[in-house]
Amino acid sequence: MYNEVRKYDPQLYAAMQGEVLRQQQNLELIASENYTSKAVLEALGSVLTNKYAEGYPGKRYYGGCEHVDVAEKLAIDRAKQLFGADHANVQPHSGTQANIAAYLSLINPGDTVMGLNLDHGGHLSHGHPLNFSGRYFKIIKMNVSKDTELLDYDEMEKLIEKERPKLIMAGASNYSRQWDWARIKRAADVWKCFLVTDIAHYAGLIAAGIYPSPVEYADIVTTTTHKTLRGPRGGLILSKACYAKSVDRTNFPGNQGGPLMHAVAAKAVCFKEALEPSFKTYQTQVLNNARKLAAEIQARGYRIVSGGTDCHLMSVDLRPKNVTGKEAEIALDKAGITVNKNMIPYDPQKAMVTSGIRVGTPAITTRGMVEKDMAVIAGLMDEAITARADDKALKAIKEQVKALCAGFPMYPGFEN
Ligand SMILES: *Cc1c(COP(=O)(O)O)cnc(C)c1O
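What you see is a predicted model, and the numbers here were worked out from it, not measured in a lab.

A. Quick look at the packing of helix α5 (residues 95-106) against helix α10 (residues 244-251). At their nearest, the axes of α5 and α10 sit 8 Å apart, and the two run at 125° to each other. By the angle between their axes, α5 is oblique relative to α10. The handedness of the crossing between α5 and α10 is right-handed. Here Ala101, Leu104 and Ser105 of α5 lie close against α10, whose contacting residues are Ser246, Val247, Thr250 and Asn251. Residues of the contact of α5 with α10, tallied by class, amount to three nonpolar, four polar and no charged.

Dropping the structure here:
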């Protein structure tokens, strides 16, 4: 594989080959990652990357766009069908770029935005002080309740009344329960506030109809295409018809130059795959695996934030074991199990240490793992965390992980 790179650039080839092996041999439990199909990879590696196509299908600033127009139209039509949206813009380079366009389609710098507290599962682009969102806008945080660890809608409604944000950004990177989109929409309407929902994490489950969709409620919906949706790294904006023009203009020329046409083509493939009945089967397995894994982790003496999950991810509180997120992440890495440390709500630890890890099942489910494998994985995780000071034991666990993964080829026939 990668023969041209191997011949021309052995240094880079070694890194790429190392990554192939890492992806094949490790248990990938990062909730925001997945394995795309070979068809998506093929579109991504295609000559469409050579083409400039500023503008939109039929209205380009460059000649020779007749074929990439077809690719982009396919992606747009499929995205609209998949989510039941009036309008789709498939050009954002990333989820963050999609959010920039969403904000600037509706409000101006200096306006007030309400977003989920980052320590409670929110995303950087929902108001981190170093992110554009925190620099352009005045940010009000919504929180989860300390008791239930569920979104505190009563507090949210009071805050909206008090602070009168112009826009609510609803969505999360680490919230495992269902959002009550209808309730947020009602609160937004009372105060004539725009509602943007960012479904970057839940998009695949929503497309499959097994997680509530915000599309009928939100003025604009943003998402990534590379998480549960299992497509290429990139972003997508959906909107009501009345915002179509403004969304398109804000994305280009507002916020980006030429679209990445190879990525747009790969999104077209991804949306076609997501429209297949087999995608619903996949997402249902993702959810069943997440619920089983949460139960198995809990049974080993850890605490699952909010007590469980309604989606592909869970937040594990490690305090019952007197371990930090940082320590667990390092130990699991040494055992070939990839997770990320993450703040739990009201975390006493700092962001670089944390009391929790975030665990997700999209990638291992794509590999073909099912409920019975979740018990094995929870056992391996617990062994690794328990043996965190014992490098020899961690190495032995890594061998078990490798053997387990060998039974679930990443891309059959594609390993080396
Ligand atoms: C991952 C994520 C994004 C951003 O994605 P990038 O493509 O990394 O910019 C935006 N919002 C939420 C809620 C996310 O989880």
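B. View of the sheet that holds strand β11 (residues 303-304). Spatially, β11-β12-β15-β14 is the arrangement adopted by the four strands of the open sheet, whose pairing is antiparallel. A single partner strand is all that each edge strand has here, and the edge strands are β11 and β14 (340-342). Sitting on the sheet, helix α12 (residues 277-299) is in contact with β11, β12 (313-317) and β15 (356-360), with an inclination near 10° to β12.

C. Local environment of empty space enclosed by the protein. Taken as a whole and judged by the stated rule, the model has three cavities of 30 Å³ or more. Around the largest cavity, the lining is made up of 14 residues, and of these Asn174, Tyr175, Ser176, Val305 and Pro345 lie nearest the centre. For the lining of the largest cavity, a count of residues per class yields five nonpolar, six polar and three charged. Among the domains, domain 1 (3-29 + 280-406) and domain 2 (41-274) are the pair contributing at least three residues each to the lining of the largest cavity. Estimated volume of the second largest cavity: approximately 50 Å³. Taken together, Ile297, Arg300, Tyr302, Val316, Leu318, Ile357, Ala378, Met381, Asp382 and Ile385 make up the lining of the second largest cavity. Examining the composition of the lining of the second largest cavity, we find that four residues originate from one element, helix α15 (residues 371-386), more than from any other. Grouping the constituent residues of the lining of the second largest cavity by class yields eight nonpolar, no polar and two charged.

So, how was this worked out
- Residues numbered from 1 in each chain as written.
- Predicted model: local features only at pLDDT ≥ 70, side-chain atom pairs only at ≥ 80, totals over all residues.
- Heavy atoms only, no water.
- Axes fitted to C-alpha atoms, helices over the stretch in contact; angles between N-to-C directions.
- Helix = DSSP H or I, 4+ residues; strand = E, 2+ residues; numbered from the N terminus.
- Parallel < 35°, antiparallel > 145°, perpendicular 65-115°, else oblique.
- Left-handed = near helix turned anticlockwise from the far one by under 90°.
- Contact = heavy atoms within 4.5 Å.
- Nonpolar A, V, L, I, M, F, W, Y, C, P; charged D, E, K, R; others polar.
- Pairing = 2+ DSSP bridges.
- 1 Å grid on protein atoms, 1.4 Å probe; cavity = no way out; pocket = protein on both sides within 12 Å on 5 of 7 lines; lining within 4 Å.
- Points joined across faces, edges and corners; volume = space filled by probe spheres on them.
- Domains from an automatic or database assignment.

Interpretation in functional terms is not warranted from these geometric data alone.
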